[in-house]
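Fold and geometry: a report
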Amino acid sequence: MLDRLQSLADRYEKLSELLCDPDVTNDTKKLREYSKEQSDLQESFEAYTEYKSVVEQYEAARAMQNEKLDDEMRELVKMELEELTQRKEELEARIHVLMLPKDPNDDKNVIVEIRGAAGGDEAALFAADLYRMYSKFADVQGWRTEVMDVNMNDLGGFKEIIFMVNGKGAYSKLKYESGAHRVQRIPTTESGGRIHTSTSTVAVMPEMEEFDIEINDSDIRVDTFCSSGAGGQSVNTTKSAVRVTHVPTGIVATCQDGKSQNSNKEKALQVLRARIFDKFQQEEMSKYAGDRKSKVGTGDRSERIRTYNFPQSRITDHRIGLTLHRLDAVLNGDMNEIISALTIAAQSELIEKGEQE
């Protein structure tokens, strides 16, 4: 690992030189490519630089122990060694995580699809709660959200909502949200005060650029229609809504949120590219199901991943056995504890897998 880290540090310093080279600064493509590569390496480079400094101080302090010291100085050296040992272990753990294989999609924006599943109107209302939760979490992160398509019921719930989250690292934090989310509460539509169980599904997909997923124009069918709102009533009489079909796979994406046909078509194509990538990713993951399947996962849409219990103000993530008794805070966007726990669990799986291999 130290050899890999030194090689990484050498590359980082080489990139610093390249970014000062006029041939690079005058080439927009190379400048962007090298800047991104250096940015990706920066955290590992800084951790390794500090680690080398701490090791040098540690070795120097150990050498001092062999010298003739008075009691006060010997105690100071002992305290310094304890502090350096702790910092050295912290950096080793951090570097171990930084050197894990990086998901190439982690820094990308995401497209999130939430659908009311089992439970009718209550499931749609819960889907709206989930959308609000993710929107508030995005606000805290400094990200921007944009609704791409929505299908509401008469109660203000979402039969389906598709939205984009724009922000660096959005996929890295939200990718473990895919799956079935279960809610247990007394619905507003329930007159008898009985607790009902309903579910909504969430799918989180990285945004794909045109160069990531190449789609031939001949493989696309575009249909236009009039936008409609809750209950199916007509919102306008112009055919601004767009439905895009990828004929080879049968994947369909619709957008009617924008005011112009061109805007809706572009948004629909964004969703289509993400869905095509997701389809191929799901197929690849299914090949490695069973023992190789990640416990945390980012795939199986039918898997029940979390329960939101309103009477007990309890939220439980079933994949990692995490239970919190502050449901209101989480639904208001305070998701960091859950997301951090899921990330650590996924990293631990990768470390364990690496040790076994």
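Look up a bit, the structure's there.
Summarised in this report is the structure supplied together with it. Since the model is a prediction, treat every value here as computed from it, not as a measurement.

1. Side note on the overall build of the protein
For the protein, the helix and strand inventory stands at 9 helices and 11 strands. Across the 357 residues in the protein, those meeting the buried criterion constitute 41%. Restricting the contact set of the protein to residue pairs at least 6 apart, pairs at least 24 apart contribute 60%. Total accessible area on the protein is roughly 19,700 Å²; 48% of this is exposed by carbon and sulfur atoms.

2. Considering helix H1 (residues 2-18)
If you check H1, its first and last C-alpha atoms are 24 Å apart, about what 17 residues at 1.5 Å a residue would give, namely 24 Å. Along H1, the residues that are buried comprise Leu5, Leu8, Ala9, Tyr12, Leu15 and Leu18. In this fold, the buried residues of H1 make contact with helix H2 (22-25), helix H3 (28-65) and helix H4 (71-98).

3. As for the sheet that holds strand S2 (residues 144-152)
If you walk across this open sheet you meet the 8 strands as S2-S3-S1-S5-S4-S9-S10-S11, and the pairing is mixed. Each edge of the sheet is formed by a strand with only one pairing partner; in this case those strands are S2 and strand S11 (322-324). Each adjacent strand pair in this sheet contributes to an overall mean axis angle of 15°, direction not counted. The sheet contact formed by strand S9 (residues 304-309) and strand S10 (residues 314-317) spans 4 bridges and is antiparallel. Its bridge partner being in S10, Arg306 is matched across the sheet by Asp317. Running over the sheet, helix H5 (residues 120-141) touches strand S1 (110-116), S2, strand S3 (158-166), strand S4 (179-185), strand S5 (196-206) and S9 and is turned about 110° from S4.

4. Comments concerning the nonpolar core
Formed by 36 residues in total, the largest nonpolar core has its most connected members in Ile114, Tyr134, Val165 and Tyr308. Every element with two or more residues in this core is listed here: S1, H5, S3, helix H6 (170-174), S5, S11, helix H8 (327-331) and helix H9 (336-356). Residues in contact with Tyr134, not counting those within four places in the same chain, are Ile114, Phe163, Leu174, Glu177, His181, Val202 and Met335. Counting 24 residues, the second largest nonpolar core, distinct from the first, contains Leu8, Leu15, Tyr58 and Met99.

5. A look at the sheet that holds strand S6 (residues 220-225)
Across the sheet, 3 strands lie side by side as S6-S7-S8; this open sheet has antiparallel pairing. Each of the sheet's edge strands pairs with one partner strand only, and the pair in question is S6 and strand S8 (251-255). Strand-to-strand, the axes of this sheet are offset by a mean angle of 15°, without reference to chain direction. Pairing analysis gives 5 bridges linking strand S7 (residues 241-246) to S8, with the strands arranged antiparallel. By the bridge assignment for S8, Val242 is matched with Cys255.

The rules behind these values
Residues numbered from 1 in each chain as written. Predicted model: local features only at pLDDT ≥ 70, side-chain atom pairs only at ≥ 80, totals over all residues. Heavy atoms only, no water. Helix = DSSP H or I, 4+ residues; strand = E, 2+ residues; numbered from the N terminus. Buried < 20%, exposed > 50% of the residue type's maximum accessible area, 1.4 Å probe, protein only. Contact = heavy atoms within 4.5 Å. Areas by Shrake-Rupley, 256 points an atom, 1.4 Å probe, with all protein chains shown as cover. Expected span 1.5 Å × (residues − 1). Pairing = 2+ DSSP bridges. Axes fitted to C-alpha atoms, helices over the stretch in contact; angles between N-to-C directions. Core = buried A, V, L, I, M, F, W, Y, C linked by side-chain atoms within 4.5 Å.

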